[in-house]
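# Remarks on the overall topology
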Amino acid sequence: MRRQGARALTALLLVLLVGVAGPRPGAADDGTRPPGAADGTNLSKDKAFDNPLLSPPLMPVEQLRFLLRRLLPDHQKHQAFNQSRNGAVDFLNPLLLTEKQLNSLLGNPRYASFESRRAWRASMVDLKPMKRFLDPRLVEQLEEKGYNEIPGIAALSGEGLHSEGWLQKLEDEAGVAPEMKIASASERQQCAKCSRFYLRQTRTLFAYPYDLTVKETAQKAEDMAKLAKDWAAEGKSDADRKAKLKVEKAYGKERQYRNGVAQEQLGVDLDGVMETAKKENWEESAFKPPFALPSGPSCALPDARSQRRPVPSALVLAAAKADGACDGGRGGGAASDAATGLGATLAVPGGNNGGIDFSTMELRYLADPGDGSGLRYSFGADRDPLKGDNRTSTGVSAAARTSDAFFVWLSLDPSAFWVNLNPTEPERVVDEELGRTDVGRIMLEADLRMKKTVGELIHPHTALGRRYWDGLRGECMSSRNWITSAPASVHEDGDELYILDAPLDVQMESEYLSEAGGTGDAPPACPRPDRASEEHNEDLYRTLVLPELTKAVNTAPEYADLRRVHLARVAAQWYRERARTQDTTYGDLIDSGDITHWRTTARWKPRDTFDQYVDSYTRGEFDVTEELAGGGAKNYVYGGVDFSRVSLRQVPDTRFEADFAKLPKGVDRSLRTPSMDADTVWLGAPTPREASGLGPPDTSAGAGTWALRLLPLVLLPAAFLLLRRRRRHLNTSSSTSPLRRAAVEAPRRRRT
């Protein structure tokens, strides 16, 4: 009541002051804002939102707060939702920003800074919900240019700077001019000091009124000027000073009351944000890993089988819980989410991360300290602020598929690492166990995609296709293409592996009628040409088509998942070789045949892809009836993907130090925070035990015990819990892959 009374008296005084004042001065003509808090849209009056903080313009700020709360240590978590810290976000015009500026703001490793007194985060914000808050003409321009997102930078106040001040400092460093700001949203109205950061045409939005308005500021100035003029004429400088102090006090009381109300209301609505987070399960979607293995006991069991059983997980990749009761009382509690660079990047629900193109995220570093505490790892990703896939869900998916593939490659015998699409062999499409995993699905779908890529390359209406068909001899061409692993360039430093380059190769081998007289593999409509024509056609295909096909497999977005699982295969091969002579956390998985935790949850069966291939094979990828110079009419492509053999080519220390001198430091930094090296962003994590802040494990506990407590490097969704557990040991030969053997055998025999 006292506060309401004071407010009423102050308001009355202001009314009286305004009543005797003249008209406010005209606005400046240079585009700058007049003195006072920035006039703009009061979001608390928008009936579409019960809580203005949850409106689209302020959601980047609330996501920053929520992420900060998760990442700060316990004694600093209060900083995240402290109502005395205002949050603001600047939205920038991508049409005016240069690539250098975008990379500086969105690709810099500081794009997510979570220090207790300084917190900011850059991201790409969905344009659709923001449209009604922006200039319609600008929205039209953005949509015409194909922009679905706009850059946004959110910050909290701290270290003597308002949030808008922090944003201005960041933008000054990047050379962002005022006209590049298309909107600014603030939890508290942009104060008189901060309003000068924005041009008059920049749209400003706020949740609560704050500071003196433009009108009040102008009136105060006029009041002061009038007093000065009146008292100066009478030569009463002391009385003039006292009168000015009285006016200052009157306006100051109103300013103080308004700011206090804004702070109190911010506290109330911040509580509402937390309630909404619980109601809408932000915790589940953002921090309980979308990729979690089935829950197991929190303490180690003695048998080897139980040692592979997972424990409940904490946050993102490799942030498992260390149970204090099972740890002799040392440490305990959840792993520190702030301890992982990848965790800090993927932790915001539905968030987009500035310059990171998650579709390019690949495993490039792996280490096993050998103490059973788990794996260190780091992913590399390209930066492409405007055209890249910035969705964190894509990053989570990429990491999970890599992790799944790594453990599948460990668990199954290498002789099973093949898939085969041949229309005459529906029973020999993929190894039975591999066909129950996403690895098998990705390989088969890539194999089918390869057939379609060949069809696109040799289409008669393309320049390359015309050259191919004009040069072809005979009625048709039949070829087998294999996607295989080319030698991978790696550098090993103790227990660490750096994967520098791991290209895929495409090999071809034409197959016609079997030498034994069978017709199983050759297309019935494709008679075998004479030897000279056969060699000519192979050379033509090898010269024109194969280089482009190999390039596509190594660079095209549609093969990204295949490249990811192949990199996991390279890492697993190194891990296999290391496990022969060193203690490793997951050595007991090698060749176990147990893929229980990595079976696909998709409603997919190998036969689905095979049927799609048969349809493509039967109908063809294109239908061109015009007469071709060479008389060719059909190109039958079949074959497979074969990762049964992986060759690791060691890069010596001298070359590694010369060509990759900055890589170790960048990767090491990525274990704790996102790190940038040239055009690559590194996102990593230490071992779960290291992330938990615990020391080396007790030497009395075996590696398998710690493998139980501190889970795999990437976790699978709890929603994907498997209903049953089956274990099947492979009985195929490990010397060569069935796919390679099949290419040179006599008529195929059904496997028994």
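Up top is the structure.
Let me sum up the structure you'll find in this document. (Residues numbered from 1 in each chain as written. Predicted model: local features only at pLDDT ≥ 70, side-chain atom pairs only at ≥ 80, totals over all residues. Heavy atoms only, no water.)

## Describing the packing of helix 12 (residues 392-411) against helix 13 (residues 438-457)
For the pair helix 12 and helix 13, interaxial distance at closest approach is 9 Å and the crossing angle is 105°. One element, helix 12, and the other, helix 13, form an angle in the roughly perpendicular class. Judged by residue contacts, Arg 401, Asp 404, Ala 405, Val 408 and Trp 409 of helix 12 engage Asp 438, Val 439, Arg 441, Ile 442 and Met 443 from helix 13. A per-class count over the contact of helix 12 with helix 13 returns 6 nonpolar, no polar and 4 charged. (Axes fitted to C-alpha atoms, helices over the stretch in contact; angles between N-to-C directions. Helix = DSSP H or I, 4+ residues; strand = E, 2+ residues; numbered from the N terminus. Parallel < 35°, antiparallel > 145°, perpendicular 65-115°, else oblique. Contact = heavy atoms within 4.5 Å. Nonpolar A, V, L, I, M, F, W, Y, C, P; charged D, E, K, R; others polar.)

## Overview of a negative patch on the surface
Negative charge collects at one region of the surface, where Glu 492, Asp 493, Glu 577, Asp 653 and Glu 657 lie side by side. Broken down by secondary-structure element, the contributors of at least two residues to the negative patch are strand 12 (488-493) and helix 19 (653-659). Along the chain, the position of Asp 493 falls in strand 12. Using a relative accessible area of 44% as the deciding quantity, one classes Asp 493 as partly exposed. (Patch = residues over 30% accessible without salt bridge, like charges linked within 9 Å, V, L, I, M, F, W, Y side chains within 5 Å. Areas by Shrake-Rupley, 256 points an atom, 1.4 Å probe, with all protein chains shown as cover. Salt bridge = Lys/Arg side-chain N within 4 Å of Asp/Glu carboxyl O. Lys, Arg positive; Asp, Glu negative; His and termini not counted. Charge placed at Lys NZ, Arg CZ, Asp CG, Glu CD. Buried < 20%, exposed > 50% of the residue type's maximum accessible area, 1.4 Å probe, protein only.)

## As for the pattern of salt bridges
On inspection of all chains with the given rule, the structure shows 26 salt bridges. When the shortest N-O distance is used, the salt bridge between Lys 181 and Asp 90 registers 4.0 Å. Note that Lys 181 is positioned in strand 6 (residues 181-188) and Asp 90 in strand 2 (residues 87-92), a separation of 91 residues in sequence. Each member of the pair, Lys 181 as well as Asp 90, is classed as buried. Taking the shortest distance from any N to any O, the salt bridge between Lys 181 and Glu 171 comes out at 3.1 Å. Taken as a pair, Lys 181 in strand 6 and Glu 171 in helix 5 (residues 163-174) lie far apart in primary sequence, 10 residues in all. Each member of the pair, Lys 181 as well as Glu 171, carries the same accessibility label: buried. One continuous salt-bridge network, built from bridges that share partners, spans Asp 90, Glu 171 and Lys 181.

## So, the pairing of strand 8 (residues 356-367)
Among the 12 residues that make up strand 8, 10 are buried, leaving the element largely enclosed by the rest of the structure. For strand 8 and strand 9 (residues 376-383), the ladder comprises 7 bridges, and the chain directions are antiparallel. Its bridge partner lying in strand 9, Ala 367 is registered against Arg 376. Note that strand 8 and strand 13 (residues 496-501) share 3 bridges and pair antiparallel. In the sheet register, Tyr 365 faces strand 13, and the bridge partner there is Tyr 498. (Pairing = 2+ DSSP bridges.)

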